[in-house]
Amino acid sequence: GMLGSRGEGSLQVLAWDDAEDVDEQSIELLEAVAQRLPTARAALVFAARPGAPRRFEELAEYRAIELRDLDLSDARRLIAVRTGTTAVPDELFEFVRERAGGHPMFIEELLHEAIDSRTVVVERGEVTRLSLAAAVAVPRTLRALLADRLRRLSETERSLVVAASALGSPIDISLLAAMLDLPLGTVNQICSAL
């Protein structure tokens, strides 16, 4: 089976995002599975917000990794990777740091907006245009950035996002399909694309 002995098959990694929303019945099942982990080639990975229930801490192989804001060098490296630059100009780094701190999602959203609006232009690995004055004059909140992203979605995609936010987490995909009056397969395809 998937959780066989160490000599069988490759390492299996099972991962859950928003683990704070895993229902009680699933947690009990996962605890039973986790008891076999010391003799299996498998790992269970849970991503959860701070303050989420910590039901697995007493397991022998439990390890917690707390993700904090990026430090300055990691933030600079993320900016370089996301813009495709070999060197991040100090002006761009300070602009991003002042608005996004070390939060990776905020950094990525801010850079996405800066590149989309051509406030930042990168050519052949070098920043060739950096007109931050316009961006500074009209500071945009993350909510505004996400609202713009939502407006760019198709009507069906937008309806799915609205319905999903109304349902809250965890989302029952069959209920979502019924709300949208769409086949389950279509809803799965839209979710995967998003």
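What counts, and at which threshold
Residues numbered from 1 in each chain as written. Predicted model: local features only at pLDDT ≥ 70, side-chain atom pairs only at ≥ 80, totals over all residues. Heavy atoms only, no water. Helix = DSSP H or I, 4+ residues; strand = E, 2+ residues; numbered from the N terminus. Buried < 20%, exposed > 50% of the residue type's maximum accessible area, 1.4 Å probe, protein only. Contact = heavy atoms within 4.5 Å. Areas by Shrake-Rupley, 256 points an atom, 1.4 Å probe, with all protein chains shown as cover. Polar contact = N/O pair within 3.5 Å; in protein donor to acceptor, adjacent residues only side chain to side chain. Pairing = 2+ DSSP bridges. Salt bridge = Lys/Arg side-chain N within 4 Å of Asp/Glu carboxyl O. Patch = residues over 30% accessible without salt bridge, like charges linked within 9 Å, V, L, I, M, F, W, Y side chains within 5 Å. Core = buried A, V, L, I, M, F, W, Y, C linked by side-chain atoms within 4.5 Å. Axes fitted to C-alpha atoms, helices over the stretch in contact; angles between N-to-C directions. Parallel < 35°, antiparallel > 145°, perpendicular 65-115°, else oblique. Left-handed = near helix turned anticlockwise from the far one by under 90°. Nonpolar A, V, L, I, M, F, W, Y, C, P; charged D, E, K, R; others polar.

Counting secondary structure elements, the protein contains nine helices and four strands. Listing every helix and strand of the protein by position from the N terminus yields β-α-β-α-α-α-β-β-α-α-α-α-α. Scored against the burial criterion, the 194 residues of the protein give a buried share of 27%. Nonlocal contacts in the protein, meaning residues at least 24 apart in sequence, comprise 60% of its contacts between residues at least 6 apart. Here the protein displays about 13,100 Å² of accessible surface, and carbon together with sulfur accounts for 53% of that area.

Position of R82 relative to the elements: it lies in helix α2 (residues 72-83). Placed 29 residues apart in sequence, R82 and L111 show a C-alpha to C-alpha distance of 7.4 Å. Excluding residues that lie within four positions of it along the chain, R82 makes contacts with E108, L111 and I115. A distance of 2.8 Å separates polar atoms of two side chains, one belonging to R82 and the other to E108.

As defined by bridge partners, strand β3 (residues 120-123) adjoins strand β4 (residues 126-130) across four bridges and the pair is classed as antiparallel. When the bridges of β4 are listed, E123 appears paired with E126. The hairpin turn running from β3 into β4, its antiparallel successor, is two residues long, and R124 in that turn takes a positive phi close to 50 degrees.

What follows is about the pattern of salt bridges. On inspection of all chains with the given rule, the structure shows seven salt bridges. E108 is paired through a salt bridge with R82; the nearest N and O atoms lie 2.8 Å apart. With a gap of 26 residues between them, E108 in helix α4 (residues 104-116) and R82 in helix α2 connect regions that are remote in the sequence. On the basis of relative accessible area, E108 is assigned to the partly exposed category, the value being 31%. The partly exposed category is assigned to R82, whose relative accessible area is 45%. For R99, the salt bridge identified is with E98, shortest N-O distance 3.5 Å.

Side chains of L167, I171, L175 and M179 sit close together on the surface and give an oily, nonpolar patch of about 320 Å² of accessible area. As for its placement among the helices and strands, M179 is situated in helix α8 (residues 173-180).

Turning next to the nonpolar core. Generally speaking, nonpolar side chains in soluble globular proteins are found buried as a group. Counting 16 residues, the largest nonpolar core has I79, V88, L92, F95, V96 and I107 as its most contacted members. Looking at this core, the elements that each hand over two or more residues are α2, α3 (90-100) and α4. When residues in this core are grouped by element, the largest group, five residues, is from α3.

At their nearest, the axes of α3 and α4 sit 9 Å apart, and the two run at 125 degrees to each other. Judged by the angle between their axes, α3 and α4 are oblique. The way α3 lies across α4 gives a crossing that is right-handed. Along its contact with α3, which presents F95, V96, R99 and A100, the element α4 presents F106, I107, L110 and L111. In the contact of α3 with α4, the residues fall into seven nonpolar, no polar and one charged.

Keep in mind these values describe shape, not function.
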